[in-house]
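Results of the structural survey
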Amino acid sequence: MTGPVFPPLFTGQATVDDPMRVAVDMARQGCDAGTIVYNLSGRDLRAAIIFAPEVPLAQAMAMLPVCGIGFQNALGSVAPPEVAVHLKWDGTIMVNGAACGALTAHSATGAQNQLPDWLTIGLTVPLWPENDAPGETPDITALYAEGCSDITPVDLLEGWARHTLVWINRWLDEGTRPIHAEFTGLWQKNAGELGLDPDMGLLSKSDDVMILMPLTTLLEPV
């Protein structure tokens, strides 16, 4: 299998281990930003992008929805037209109304106003169902169970990198406004979710009380 080819500013690093864990270790050691660590050897597409933000964490966390939009655009460009791809605010990827993987985030700091030394965004997408009876888990699916069996992991990974780079550049040039607009159009809301603040934080309502959850609440422990 030919390895993936990435656009300028991105470099690939294959691994047989968990790409998210490897990316965090590499980031801690000071590797170059733009490194994409990936593992295409299993039933899942697994990858992670390493960033070196130049803005505080509260703003840098926009990379989570940016990478989500990039994946949605990448899959949408190669999937059959009847395949619907949406996103949830928490990073879950939805394909035809069922969860099909997710994006996750790790950072050198959890302080919103601090400039993080590094930020990694991980992607996990199941290609094959975990069992032979997918009807038993209607809320969870896999890519090849949704009519996407002609899509190779390499093509999807390359597309994710290309489309994500487009949205990174838009974010650099225009801020979160285009990210906000694009994500809102792809957003599959949960009950009570109302909207997003300028930093893509979640505005929700529970028992008539308005709640704001910043994207930093989605950071996973390192």
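Now for a quick tour of the structure. (Residues numbered from 1 in each chain as written. Predicted model: local features only at pLDDT ≥ 70, side-chain atom pairs only at ≥ 80, totals over all residues. Heavy atoms only, no water.)

**What to know about the environment of Trp118**
- You can see Trp118 is positioned in the loop between strand 6 (98-107) and strand 7 (119-126).
- A sequence separation of 75 residues divides Trp118 from Glu193, and the C-alpha atoms of the two residues are 29 Å apart. (Helix = DSSP H or I, 4+ residues; strand = E, 2+ residues; numbered from the N terminus.)

**Things to note about the nonpolar core**
- Counting residues in each nonpolar core, the largest one holds 58 residues, and the members touching the most others are Leu75, Leu119, Ile121, Leu143, Leu157 and Trp160.
- Counting residues per element, this core draws most heavily on helix 4 (residues 153-174), at 9 residues.
- In this structure Leu157 touches Pro4, Phe6, Ile36, Tyr38, Leu40, Leu45 and Ala47, once residues within four positions along its chain are discounted.
- The next biggest cluster of nonpolar side chains, apart from the first, holds 10 residues, and it includes Met20, Met26, Ala48 and Ile50. (Core = buried A, V, L, I, M, F, W, Y, C linked by side-chain atoms within 4.5 Å. Buried < 20%, exposed > 50% of the residue type's maximum accessible area, 1.4 Å probe, protein only. Contact = heavy atoms within 4.5 Å.)

**Re the state of the cysteines**
- Scanning the model with the defined rule gives 0 disulfides in all.
- Summary of cysteine pairing: Cys31 is not part of a disulfide, and the nearest cysteine sulfur, belonging to Cys67, is at 15 Å.
- The partly exposed category is assigned to Cys31, whose relative accessible area is 26%.
- Unpaired in this structure, Cys148 has its nearest cysteine sulfur neighbour in Cys100, at a distance of 7.9 Å.
- Among the residues examined, Cys148 registers a relative accessible area of 1% and is labelled buried. (Disulfide = S-S within 2.5 Å.)

**Regarding the pairing of strand 5 (residues 92-95)**
- Burial along strand 5 is two-sided: Thr92 and Met94 facing one way and Ile93 and Val95 facing the other are all buried.
- Of the pairings in the sheet, the one linking strand 4 (residues 85-87) to strand 5 comprises 3 bridges and is antiparallel in character. Across the sheet, His86 pairs through a bridge with Met94, a residue of strand 5.
- Connecting strand 4 to the next strand, strand 5, in antiparallel fashion are 4 residues, including Gly91 with a positive phi near 105°.
- Bridge count between strand 5 and strand 6: 3 bridges; the pairing is antiparallel. Each bridged residue has a counterpart across the sheet, and for Val95 the counterpart in strand 6 is Ala98.
- The antiparallel pairing of strand 5 with strand 6 creates a hairpin that spans 2 residues between the two strands, and Asn96 there sits at a positive phi of about 55°. (Pairing = 2+ DSSP bridges.)

**A look at the pairing of strand 8 (residues 193-196)**
- Two elements, strand 8 and strand 9 (residues 202-206), share 3 bridges in a ladder whose sense is antiparallel. What sits directly across from Gly195, in strand 9, is Leu203.
- The turn joining strand 8 and strand 9, which pair antiparallel and follow one another in sequence, is formed by 5 residues; a positive phi near 70° is taken by Met200.

**Focus on the sheet that holds strand 10 (residues 209-213)**
- Pairing within the open sheet is antiparallel, and its 3 strands lie in the order 8-9-10. If you trace the sheet from one side to the other, it starts and ends with strand 8 and strand 10, each paired once. Taken over all neighbouring pairs, the strand axes of this sheet differ in orientation by 25° on average, direction set aside. (Axes fitted to C-alpha atoms, helices over the stretch in contact; angles between N-to-C directions.)

**Focus: the pattern of salt bridges**
- By the definition in use, this model includes 2 salt bridges.
- Ionic pairing is found between Arg21 and Asp18, a salt bridge with its closest N-O pair at 3.9 Å. (Salt bridge = Lys/Arg side-chain N within 4 Å of Asp/Glu carboxyl O.)

**Things to note about helix 3 (residues 63-78)**
- With 16 residues, helix 3 should reach 22 Å at 1.5 Å per residue; the first-to-last C-alpha distance of 23 Å fits that figure.
- Within helix 3, 13 of the 16 residues are buried, which leaves the element mostly enclosed by the surrounding structure. (Expected span 1.5 Å × (residues − 1).)

**Observations concerning the sheet that holds strand 1 (residues 11-14)**
- Ordered in space as 1-2-3-7-6-5-4, the 7 strands form an open sheet in which the pairing is mixed. Edge positions in the sheet fall to strand 1 and strand 4, since each has one partner strand and no second. With strand direction ignored, the average angle separating the axes of adjacent strands in the sheet is 20°.
- Note that strand 3 (residues 44-51) and strand 7 share 8 bridges and pair antiparallel. Bridging across to strand 7, Ile49 finds its partner in Ile121.

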